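These are the residues of each chain, in order.
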Amino acid sequence: MDSLKDTVATLVQNHLQGVINCYRHIHQNPELSFNEVNTSNYLKEILLKEGINIIPIEGRYSFIAVIEGNESGKTIGLRAELDALPVNEETTLDLRSQNHGIMHACGHDIHMASLIGVGLILNELKAYIKGTVLLIFESGEEQLPGGAKAIMESSEFKRLNPDCIIGMHVLPELNTGEIGVCSGRYMASGDEVYLTVKGKGGHAALPHTLVDPIVISSNILLNLQTIVSRNAPALIPTVLSFGRVEAMGATNVIPNEVKIAGTFRTMDESWRTKAHSLIVANAKGIAQSMGGDCTVEIRNGYPSVYNNPELTNKARTLAVELIGESKVIGLEPRMTTDDFAYFSQVVPSVFLRLGVGFDNAEKTQLHSPNFVANEKSLFTATSLLCWLVLKLAD
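Quick caveat: nothing in here was measured; it's all calculated off a predicted structure.

K.L.:
Go over the overall build of the protein, please, and point to the residues and values.
P.N.:
Looking only at helices and strands, the protein features 10 helices and 16 strands. The globule rule puts the C-alpha radius of gyration for 394 residues at 21 Å, and the 24 Å found for the protein is close to it. In terms of overall dimensions, the protein has a C-alpha envelope of 80 × 45 × 45 Å along the principal axes. Counting only residues that meet the buried cut, the protein has 52% of its 394 residues in that class. At a minimum sequence separation of 6, the contacts of the protein that also span at least 24 residues come to 80%. Here the protein displays about 17,100 Å² of accessible surface, and carbon together with sulfur accounts for 49% of that area. Taking the average place of the 32 positive charges on the side chains of the protein and the average place of its 43 negative ones, the gap between the two points comes to 4 Å.

Below, the structure written as C-alpha cells:
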C-alpha cells in the first residue's frame, strides 16, 4: 500500500504545476451555465493530447473522458462542473476573472483542474486500474434544469453504466488539507415557489370597498410556515422561506395583486411531493376565504443529495489512510443544493467536501465576489481522487 501511496504522491507532485496552471487559466476565463464552449474545448485539448478518449454528450458542452484499466473491473465515475456564476469578482488576485460580471465563485475551477490532474495521472497508472474510470465534465450545474440529468439520460452514459460516482466540492469552512464527509442524507432538494395573490385594489383610505391582496398575502405567508412546523415529519430537515414580496402599491394605494417568491427545501422525496400539495391548497384556500385568489407555481429544482452509506464509509476509511484521521472531518447535513443529486438518486454515490480555507484567516463564502480558494487544495483533491479510484477498484 505504501508503495502505491508513494507513487501517487510522486505523480501528483510531478503534475501539480500543470494542474495549478489549468486552474489559473480557467479562473481567468469563466463562462456561464450552458455556454462553456471555450472551457470545454480547453479541457478536451489537454486530455486528447495524452491520448485519452473523449465522448461528447449530445447538446451543450458536457463530455465524458474514458480511461480503460488493464484489467476488467468496476466502472467508477468522477464528476466536475464547467460553469461559473454571474458574479463580478472583487478580489485582488493576479489571476482574477477577465470576463466582467462572471466569476468562478463556487470553486468549479478547482474541481475541473483537479479532475484534469486525476485523468493525466491515472492514464499513467493503467496497470494499477481494474476497470474503467469516467471523468464526467458537466455543463450548467448552476442553472436549472442543470446538466447532470441530461448526462444521465444520454445513451452514452447509459452505455458506460458506472457502478459508482464520486463528486467533490470545495468548502471554505474547512481548512486546506481537510476533507469533509457525511453519510446518508447530505444536501436538500431545492424548489422555487411563486405565488400571485389577486384582490381588488383602490384607495387605501377605503379598505372596506376593496379586497386587499397585501393582507391576504400576509395571512398566506404566516400560515404556510405551519406546513413546516405542523406537517413536516420531525426527523426530516425542511425549510420554506420567502425572500421576495412585490406589492407595488403606495402609502395611499392598495394594489390589485402581490407577487411572492421563495424556496422549499427538504431531504425526502415523498414528503417533498406532499408538501407541494399543501402549499398549493393552503395558499389558494386562504385567498379564496378572504375574497381573493391565488395562483401557485412550483418549479421543481434538484432532488436531494444522498451519500450511499457503504460507499461513503469506504471513502472515509481510504481518506484516513491517505491523509490521516485528523484531516477527515465529519459533516452535518446542509440545506444547500447541487444537481449531483441526480446521480446520487440512481447510482451509488458519495459527495465529498474539499477544504480550501486558509489557516487563521477569515473564511469567504461561496458565491461571494470575494471568494478565494487556496491553490494548495489542488494537491489534496488530486491525490485523494486518484487514491479512491485505485483502491475502490480492488
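What follows picks up the thread again.
K.L.:
Residues and numbers for the sheet that holds strand β2 (residues 63–68), please.
P.N.:
Spatially, 8 strands are ordered β1-β2-β4-β3-β5-β16-β6-β15 in an open sheet, and the strand pairing comes out mixed. The two strands at the open ends of the sheet, each matched to only one other strand, are β1 (53–56) and β15 (328–330). Geometrically, the sheet is characterised by an average inter-axis angle of 30 degrees between neighbouring strands, direction not taken into account. Relative to β15, strand β6 (residues 179–181) is paired through 3 bridges, and the arrangement is parallel. Residue pairing for β15: V181 is matched across the bridge by G330. Here helix α2 (residues 37–49) sits on the sheet in contact with β1, β2 and β4 (130–138), set at roughly 15 degrees to β2. Its contacts with the sheet put helix α10 (residues 377–392) on β3 (71–81), β4, β5 (164–175), β6 and β16 (349–357), and the angle it makes with β16 is roughly 155 degrees.

K.L.:
Break down the packing of aromatic side chains for me, citing the residues and quoting the values.
P.N.:
This structure, assessed with the given rule, holds 6 aromatic pairs. Look at F63 and F137: their rings are 4.8 Å apart centre to centre, the planes differ by 20 degrees, and that puts the pair in the stacked class. Taken together, the residues F63 in strand β2 and F137 in strand β4 connect sequence positions 74 residues apart. Accessibility assignment for this pair places F63 and F137 in one class, buried. Consider the rings of F157 and F343, whose centres lie 5.9 Å apart with planes at 40 degrees: the pair is tilted.

The rules we used
- Residues numbered from 1 in each chain as written.
- Predicted model: local features only at pLDDT ≥ 70, side-chain atom pairs only at ≥ 80, totals over all residues.
- Heavy atoms only, no water.
- Helix = DSSP H or I, 4+ residues; strand = E, 2+ residues; numbered from the N terminus.
- Rg over C-alpha atoms; globule rule 2.2 N^0.38 Å.
- Buried < 20%, exposed > 50% of the residue type's maximum accessible area, 1.4 Å probe, protein only.
- Contact = heavy atoms within 4.5 Å.
- Areas by Shrake-Rupley, 256 points an atom, 1.4 Å probe, with all protein chains shown as cover.
- Lys, Arg positive; Asp, Glu negative; His and termini not counted.
- Charge placed at Lys NZ, Arg CZ, Asp CG, Glu CD.
- Pairing = 2+ DSSP bridges.
- Axes fitted to C-alpha atoms, helices over the stretch in contact; angles between N-to-C directions.
- Phe/Tyr/Trp six-rings, centres within 6.5 Å; stacked < 30°, edge-to-face > 60°.

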